[in-house]
Amino acid sequence: MEKRPARVAAIHDLSGFGRCSISVILPVLSAMGVQVCPVLTAVLSAHTGGLGDVVFRDLTDYIHPTLEHYKKLGIDFEAVYSGFLGSEEQVGSCLEFFKAYPNALKVVDPVMGDNGKAYKTCGESLQKGMKELVAVADLITPNKTEAAMLLGESYNTSPMSRSEARSLLLRLSRLGPKCVVVTGVELASGELANIGYDGENGSFWYVPCEYVPVSYPGCGDIYASVLTGAMLGGASLPIAMGKATAFAELCVKTTFSYGSDPRYGVMLESVLGSLIKNEVSGKFETL
Ligand code: PXL
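Now for a look at the structure at hand. (Residues numbered from 1 in each chain as written. Predicted model: local features only at pLDDT ≥ 70, side-chain atom pairs only at ≥ 80, totals over all residues. Heavy atoms only, no water.)

## Some remarks on the site of the ligand
- Every residue lining the ligand is accounted for by D13, S15, C20, L44, H47, T48, F84, V111, Y119, G218 and D221.
- Interatomic distance of 2.8 Å between a side-chain N/O atom of D13 and a nitrogen atom of the ligand.
- With respect to the ligand, the side chain of T48 contributes an N or O atom lying 2.7 Å from an oxygen atom.
- When the ligand sits alone it has 320 Å² of accessible area, and the protein chains cover 94% of it.
- Counted by class, the shell around the ligand contains five nonpolar, four polar and two charged residues. (Near = heavy atom within 4 Å. Polar contact = N/O pair within 3.5 Å; in protein donor to acceptor, adjacent residues only side chain to side chain. Areas by Shrake-Rupley, 256 points an atom, 1.4 Å probe, with all protein chains shown as cover. Nonpolar A, V, L, I, M, F, W, Y, C, P; charged D, E, K, R; others polar.)

Right, dumping it as structure tokens:
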């Protein structure tokens, strides 16, 4: 059998400035010893979070022929991981990718919005398409806004009890995915946490995170990448969640300490070494 690092087809955009999507996914997964093959959905001069008029080039017609090329090469992937899509037509191409590699871990980060609002690139038909991807996924990683959008529920800012948090995870798992992680959930206890459900054994998990009063783009991408890398390395869902939370927290706290413009993203370069040395591990509890 061929011996090599795990390989991921990462279906995301490349945003040149602002440290999100492939610009962070590639270094994070490489640092964890995972090979990333970027399958670009769009190329942007910068992310869409407040940096003015971005240059946007859609790559919808690039994804299907890329898959055909990989099939012809006979290469395999241990994971197929989708994120920011540039158009609703790209949903069909992602479904083709998932179908072409049935043994791969199917990770869907349904990038659609934040803070109760859809990103301006994510209209209703793309939101509908994301549900089709979620339905075939093994693991999904919505934030609270995206969870509400997937469920067709209104965005609720009030803190959740633990049983409401479990119910949210279960409702999402009924859309199809085996494992569900929701990031950035405020609990009635006053804690901010990432919460998870593993449908393999029906377990619920809770990883508290320290509150930092700034929000940076790309943190969801960093979190989902560490989660994917850890799962590919054989970690259980709660261990992977603990590691992903700890690393995202390190990125946020380091950046916050410099007081840099939040739109520029987190200072990944300063902390990547700890991921390479495998020094990052976190805590978890049952939910
Ligand atoms: O991190 C999510 C993301 C990915 N890609 C683009 C974005 C964003 C969030 O704003 O604008 C282009």
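There's more to say after this.
## A look at helix α5 (residues 144–151)
- Taking burial as the measure, the eight residues of α5 include eight buried ones, the bulk of the element.
- Turning to α5, the residues buried within the fold contact β6 (113–114), β7 (117–118), α4 (124–136), β8 (139–140), α6 (162–173) and β9 (179–186).
- With a side-chain oxygen lying 3.1 Å from the backbone nitrogen of T145, the N-terminal cap of α5 falls on N143.
- Immediately downstream of α5, the backbone of G152 shows phi near 65 degrees, a positive value. (Buried < 20%, exposed > 50% of the residue type's maximum accessible area, 1.4 Å probe, protein only. Helix = DSSP H or I, 4+ residues; strand = E, 2+ residues; numbered from the N terminus. Contact = heavy atoms within 4.5 Å.)

## Examining unusual backbone geometry
- A positive phi is found at R19, a non-glycine position, where the angle reads about 55 degrees.
- Tracing the backbone shows R19 in the loop between β1 (7–17) and α1 (22–31).
- Backbone geometry at N115 places phi at a positive 50 degrees, although glycine is not the residue there.
- You can see N115 is positioned in the loop between β6 and β7.

## Some points on helix α2 (residues 60–73)
- Taken together, the buried positions of α2 are occupied by T60, I63, T66, L67 and Y70. Taken end-on, α2 shows its buried residues confined to a sector of 105 degrees, consistent with a single buried face. Away from its buried face, by an angle of more than 90 degrees, α2 presents the exposed residues D61 and K72.
- Directly beyond the C-terminal end of α2, a positive phi value near 75 degrees is found at G74. (Arc of directions from axis to C-beta.)

## Examining the state of the cysteines
- Counted under the stated rule, the structure contains zero disulfides.
- Free cysteine C20: the closest other cysteine sulfur is in C219, separated by 10 Å. (Disulfide = S-S within 2.5 Å.)

## Observations regarding the environment of D221
- Mapped onto the secondary structure, D221 falls in helix α7 (residues 219–232).
- For the pair D221 and Y264, spaced 43 residues apart in the sequence, the C-alpha separation amounts to 15 Å.
- If we ignore the near neighbours within four places in the chain, the residues touching D221 are C20, S21, V24, I25, Y81, D109 and V111.
- For D221, the side chain forms a polar contact with the main-chain nitrogen of S21, separated by 2.8 Å.

## Let's talk about the pairing of strand β2 (residues 35–46)
- With nine bridges joining them, β1 and β2 adopt parallel strand pairing. The partner of F17 across the bridge, within β2, is A46.
- A crossover connection joins β1 to the parallel β2 through α1; in handedness this β-α-β unit is right-handed.
- Where β2 and strand β3 (residues 56–58) come together, three bridges link them in antiparallel fashion. By the bridge assignment, V43 is partnered in β3 with R57. (Pairing = 2+ DSSP bridges. Right-handed = clockwise from strand over helix to strand, strands pointing away.)

## A look at the side chain of S173
- As for its placement among the helices and strands, S173 is situated in helix α6.
- Every residue in contact with S173, bar those within four places of it in the chain, is listed here: V180 and Y197.

## So, the packing of α5 against α6
- Across the interface, α5 lies against α6 with an axial gap of 10 Å and an inter-helix angle of 50 degrees. With respect to α6, the element α5 is oriented oblique. The element α5 and its partner α6 pack so that their crossing is left-handed. Every residue of α6 that contacts α5 at A147, L150 and L151 is listed here: L168, R171 and L172.
- Considered class by class, the residues forming the contact of α5 with α6 number five nonpolar, no polar and one charged. (Axes fitted to C-alpha atoms, helices over the stretch in contact; angles between N-to-C directions. Parallel < 35°, antiparallel > 145°, perpendicular 65-115°, else oblique. Left-handed = near helix turned anticlockwise from the far one by under 90°.)

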